[in-house]
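Below are the chains, spelled out letter by letter.
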Amino acid sequence: MLYTTLGRTDFNVSRMGLGCGGHSRLGMRNGDLAGAVRIVREAYDLGVNFFDTAESYGTEEAVGKGLAGIPREKVFISTKVGATWEDEKSTSLQMRERLEGCLGRLGTDYVDVFHLHGVPLRDYAYSVEFLVPEMIRLKEEGKIRAIGITESFIPEPDHRMLAPGLLADDCWDVVMLGFSVLNQSARHSVLPMTMERKVGTLCMFAVRRALSQPEALIDLMNQLVQEDLVDPYDFEHFDPLGFLTESGVAGSIQEAAYRYCLWEPGIDVVLSGTGNIEHLRENARSLCGEPLPDEVRRRLAKIFAHVDSVSGN
Ligand SMILES: NC(=O)c1ccc[n+]([C@@H]2O[C@H](COP(=O)([O-])OP(=O)(O)OC[C@H]3O[C@@H](n4cnc5c(N)ncnc54)[C@H](OP(=O)(O)O)[C@@H]3O)[C@@H](O)[C@H]2O)c1
């Protein structure tokens, strides 16, 4: 496993983080708590020390049980609550109470990164004015160690909240952003600022539906051609990213997609979620892999240069 320092924190985190949400939710969509606990523990045994969950995922208990018995300082736990609560803006008191709920389910007395979850642009100003001061107090009390925010990437894949937010405010220790082969726009709009300010970065959407299901990728490429955002002469219609598995570049599209994100300058941790233990092991190998060859990286950058409108979901 590869490790790095997470931005301005002193956390020595694994470059692969276990994503405990997404479509798979550690397999807990089928209610399999024991299976989810096994995935958490296997990830730790593979060298992963960064675990990302959230109040809304229903996986905090699995993370707590999977990490039980491991000295607390050996792992980094990231969790989140939304800036809204039951369709209203969350008050700072509600946010504090919800954090207490997270701590109880996780079985710990602090979290390493506490994020506002999936904040759309319309809730950003409120979050900074009313919730961040309380997050600072929680940090002073030792209940959280770093303050984070995550994008609402499916409806807002153009970083319209995060990019201006980072420019205006220096309160974020860590941010979670969407970045993938398919939407590389954060390279220009977000990552230069996080690097300059030493804000830690967690990459989500490295592999999602379009990069794990061949038909979904073909549909997405057709949509991008229709919208004039990609050039149909740049790729094969029936196997748009087939060149990634040719000539031994990578064993699978997922492997190439993870390695592409892993070696993007400015990205600290690449999150990878699964309910399948074989996928977990495969992804742990991919996320220790070499950078893709330069000509392949250049080709991917060229094909998707104008795309900032899709998440790949
Ligand atoms: N706004 C937010 O705060 C937000 C939003 C989204 C995600 N997140 C966080 O980021 C993490 C990562 O999310 P993500 O969007 O990148 O998706 P993800 O949760 O990592 O999901 C990846 C998808 O690809 C499949 N997959 C994984 N490895 C594979 C492999 N080797 N071969 C084939 N299929 C594979 C998984 O299905 P299988 O179960 O079948 O492997 C899953 O459906 C989440 O778990 C969550 O912690 C945060």
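Residues numbered from 1 in each chain as written. Predicted model: local features only at pLDDT ≥ 70, side-chain atom pairs only at ≥ 80, totals over all residues. Heavy atoms only, no water.

Caption draft 1: View of the overall build of the protein chain. Secondary structure assignment for the protein chain yields twelve helices and twelve strands. Taking the principal axes of its C-alpha atoms as reference, the protein chain extends roughly 55 × 40 × 35 Å. Counting every position in the protein chain, which comprises 313 residues, the buried fraction comes to 57%. Considering only intrachain contacts with a sequence separation of at least 6, the fraction spanning at least 24 residues in the protein chain is 78%. With an accessible surface of roughly 13,300 Å², the protein chain has 49% of that area assigned to carbon and sulfur atoms. Charge separation in the protein chain, taken as the distance between the mean sites of 32 positive and 46 negative side-chain charges, equals 4 Å. (Helix = DSSP H or I, 4+ residues; strand = E, 2+ residues; numbered from the N terminus. Buried < 20%, exposed > 50% of the residue type's maximum accessible area, 1.4 Å probe, protein only. Contact = heavy atoms within 4.5 Å. Areas by Shrake-Rupley, 256 points an atom, 1.4 Å probe, with all protein chains shown as cover. Lys, Arg positive; Asp, Glu negative; His and termini not counted. Charge placed at Lys NZ, Arg CZ, Asp CG, Glu CD.)

Caption draft 2: Examining the site of the ligand more closely. Close to the ligand lie 30 residues; Ser24, Arg208, Gly273, Thr274 and His279 are nearest. Between the ligand and Gly19 there is a distance of 3.2 Å, counted from an oxygen atom to a backbone nitrogen or oxygen. With respect to the ligand, the backbone of Gly275 contributes an N or O atom lying 2.8 Å from an oxygen atom. Relative to its free-state accessible area of 880 Å², the ligand is covered by the protein chains to the extent of 88%. Among the cavities detected, the one that contains the ligand is the largest pocket. For the shell around the ligand, the secondary structure elements donating two or more residues are strand E8 (111-119), strand E9 (144-151), strand E12 (269-272) and helix H11 (277-286). In terms of residue count, the dominant contributor to the shell around the ligand is H11 (three residues). In terms of residue class, the shell around the ligand is made up of eight nonpolar, 17 polar and five charged. (Near = heavy atom within 4 Å. Polar contact = N/O pair within 3.5 Å; in protein donor to acceptor, adjacent residues only side chain to side chain. 1 Å grid on protein atoms, 1.4 Å probe; cavity = no way out; pocket = protein on both sides within 12 Å on 5 of 7 lines; lining within 4 Å. Sits in = over half its atoms within 2 Å of the grid points. Nonpolar A, V, L, I, M, F, W, Y, C, P; charged D, E, K, R; others polar.)

Caption draft 3: Summary view of the state of the cysteines. Tallying each qualifying case throughout the model produces zero disulfides. This cysteine, Cys102, is not joined by any disulfide, and Cys20 carries the nearest cysteine sulfur, 13 Å off. Here Cys171 stays unpaired: no disulfide links it, and the sulfur of Cys102, its closest cysteine neighbor, is 19 Å away. Using a relative accessible area of 19% as the deciding quantity, one classes Cys171 as buried. (Disulfide = S-S within 2.5 Å.)

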